[in-house]
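Summary of the model geometry
The primary structure of each chain is shown beneath.
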Amino acid sequence: MRQAPPYVPGHQLLAGKSILITAAAGAGIGYAAAKRCAEEGCRALMISDIHPRRLEEAVERLKAETGLQAVYGQLCNVTVEADVQALVAAAEDALGGVDVLINNAGLGGQVRLTEMTDEQWSSVLDITLTGTMRMTRAMLPHMERRGAGAIVNNASVLGWRAQKEQAHYAAAKAGVMALTRCSALEAAENGVRINAVAPSIALHDFLKKAASSELLDQLTSREAFGRAAEVWEVANVMVFLASDYASYMVGEVLPVSSQHA
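Everything quoted here is computed from the prediction, not taken from an experiment.

Some remarks on the overall build of the protein
Assigned secondary structure in the protein consists of eight helices and seven strands. Taking 2.2 N^0.38 as the reference for a compact globule, 261 residues should give roughly 18 Å; the C-alpha atoms of the protein span a radius of gyration of 17 Å, in line with that estimate. Along the three orthogonal principal directions, the C-alpha set of the protein runs to about 45 × 40 × 40 Å. Each of the 261 residues in the protein was classed as buried or not, and the buried ones make up 50%. The contacts in the protein between residues at least 6 apart in sequence include a share of 77% that link residues at least 24 apart. Looking at the protein as shown, the accessible area adds up to about 11900 Å², and 53% of this sits on carbon and sulfur atoms.

Now the structure itself:
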């Protein structure tokens, strides 16, 4: 197994930009993306989550770890349209306009299709796919009026590849990919770029609780490096898509994966 490379220092790829990230108060990709955005020189940052205490702690931790003091938190459940509208309005106000939206909110699970309830199916689709749509729909008019902006969605390689007991999650992530491609064509007319990342497996505490150790071992064994990605390795690609280095990329879905072909 190859060890993860050293943590890469920031290179000011997001200098002067303001960032909004959903579901970023945990130990997963969202928080890693927030930390990386601050390290890459963003001028202001807002993160959202559904857990008040965890959100407050994440805001303070980001300030302490990165030195960026313009960090804000806003409670938001992306399944509730009023929450989404309030989050976008708060971000536009606190950040003086949002340059980058990272749609990270999502929900997984592990259940066979024949045992899956309507509630399990609907919950995963509502948070992961429809939540991404709600956030994009609310944010786009503000970006389009300014004629600039970038949206980065968090998809998954399961949008392309089959895996048992993941029908709801795979369907949701495939939907995020399609949403990315279609909305990107509309947004590009007004100077806004929409793209997505598609990680294979990035280990963090929430994933360890949500999936069995047997499944995680199986997924890790498929990776060419013999290890899962670090969450910051996924965040690095999100930062690239959010930055001006990706200025000609529209509707792309970039795998963040070392899976064997």
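Notes on the pattern of salt bridges
Enumeration according to the criterion identifies 10 salt bridges in this entry. With a shortest N-O distance of 3.0 Å, Arg137 and Glu81 are connected by a salt bridge. Here Arg137, found in helix α4 (residues 118-146), pairs with Glu81, found in helix α3 (residues 81-95); they are 56 residues apart in sequence, far enough to count as distant. According to the relative accessible area criterion, Arg137 is partly exposed, its value standing at 45%. The network of salt bridges with shared partners includes Lys35, Arg36 and Glu39.

Considering the sheet that holds strand β5 (residues 149-154)
Within the open sheet, the seven strands sit side by side as β3-β2-β1-β4-β5-β6-β7. Their pairing is parallel. Taken across any chain shown, the strands that pair with only one partner, and hence form the sheet edges, are β3 (71-75) and β7 (253-256). The average undirected angle you get between the axes of adjacent strands in this sheet is 20°. Inspection of the sheet shows strand β1 (residues 18-21) paired to strand β2 (residues 44-49) by four bridges, in the parallel sense. Residue pairing across strands places Ile19 opposite Leu45, the latter belonging to β2. Against the sheet, α3 touches β1, β2 and β3, its axis set at about 160° to β2. Sheet strands in contact with helix α5 (residues 167-188) are β5, β6 (192-199) and β7, and its direction is about 160° off that of β6.

Let's talk about the nonpolar core
The biggest cluster of nonpolar side chains holds 63 residues, and the ones touching the most others in it are Ile19, Leu20, Ile21, Leu45, Ile47 and Ile102. The biggest single contributor to this core is helix α8 (residues 231-242), with eight residues. Apart from the residues within four sequence positions on either side, Leu20 is in contact with Met46, Leu87, Ala91, Val98, Val100, Leu101, Ile102, Met135 and Met139. Counting seven residues, the second-largest nonpolar core is a separate cluster that includes Ala155, Met177, Ala196 and Val253.

Examining the pairing of β1
Burial along β1 is two-sided: the residues Ser18 and Leu20 and Ile19 and Ile21 are all buried. In terms of handedness, the path from β1 via helix α1 (residues 29-39) over to β2 forms a crossover that is right-handed. Of the strand pairs in this sheet, β1 and strand β4 (residues 100-103) are connected by three bridges, and their pairing is parallel. Each residue of the ladder has a partner; that of Ile21, found in β4, is Ile102.

Some points on the side chain of Glu233
Locating Glu233 in the fold gives a position in helix α8. Under the relative-accessibility criterion, Glu233 is labelled buried at 17%. A distance of 3.0 Å separates polar atoms of two side chains, one belonging to Glu233 and the other to Arg227. A distance of 2.8 Å separates the side chain of Glu233 from the backbone nitrogen of Glu230, its partner in a polar contact. Apart from residues no more than four positions distant in its own chain, Glu233 is found in contact with Pro5, Arg227 and Val256.

Notes on the layout of surface pockets
Here the second largest pocket defines a volume of roughly 160 Å³. Surrounding the second largest pocket, 11 residues form its lining, Gln163, Lys164, Glu165, Leu215 and Gln218 being those nearest its centre. Of the residues that constitute the lining of the second largest pocket, the class distribution is two nonpolar, four polar and five charged.

Rules used throughout
Residues numbered from 1 in each chain as written. Predicted model: local features only at pLDDT ≥ 70, side-chain atom pairs only at ≥ 80, totals over all residues. Heavy atoms only, no water. Helix = DSSP H or I, 4+ residues; strand = E, 2+ residues; numbered from the N terminus. Rg over C-alpha atoms; globule rule 2.2 N^0.38 Å. Buried < 20%, exposed > 50% of the residue type's maximum accessible area, 1.4 Å probe, protein only. Contact = heavy atoms within 4.5 Å. Areas by Shrake-Rupley, 256 points an atom, 1.4 Å probe, with all protein chains shown as cover. Salt bridge = Lys/Arg side-chain N within 4 Å of Asp/Glu carboxyl O. Pairing = 2+ DSSP bridges. Axes fitted to C-alpha atoms, helices over the stretch in contact; angles between N-to-C directions. Core = buried A, V, L, I, M, F, W, Y, C linked by side-chain atoms within 4.5 Å. Right-handed = clockwise from strand over helix to strand, strands pointing away. Polar contact = N/O pair within 3.5 Å; in protein donor to acceptor, adjacent residues only side chain to side chain. 1 Å grid on protein atoms, 1.4 Å probe; cavity = no way out; pocket = protein on both sides within 12 Å on 5 of 7 lines; lining within 4 Å. Points joined across faces, edges and corners; volume = space filled by probe spheres on them. Nonpolar A, V, L, I, M, F, W, Y, C, P; charged D, E, K, R; others polar.

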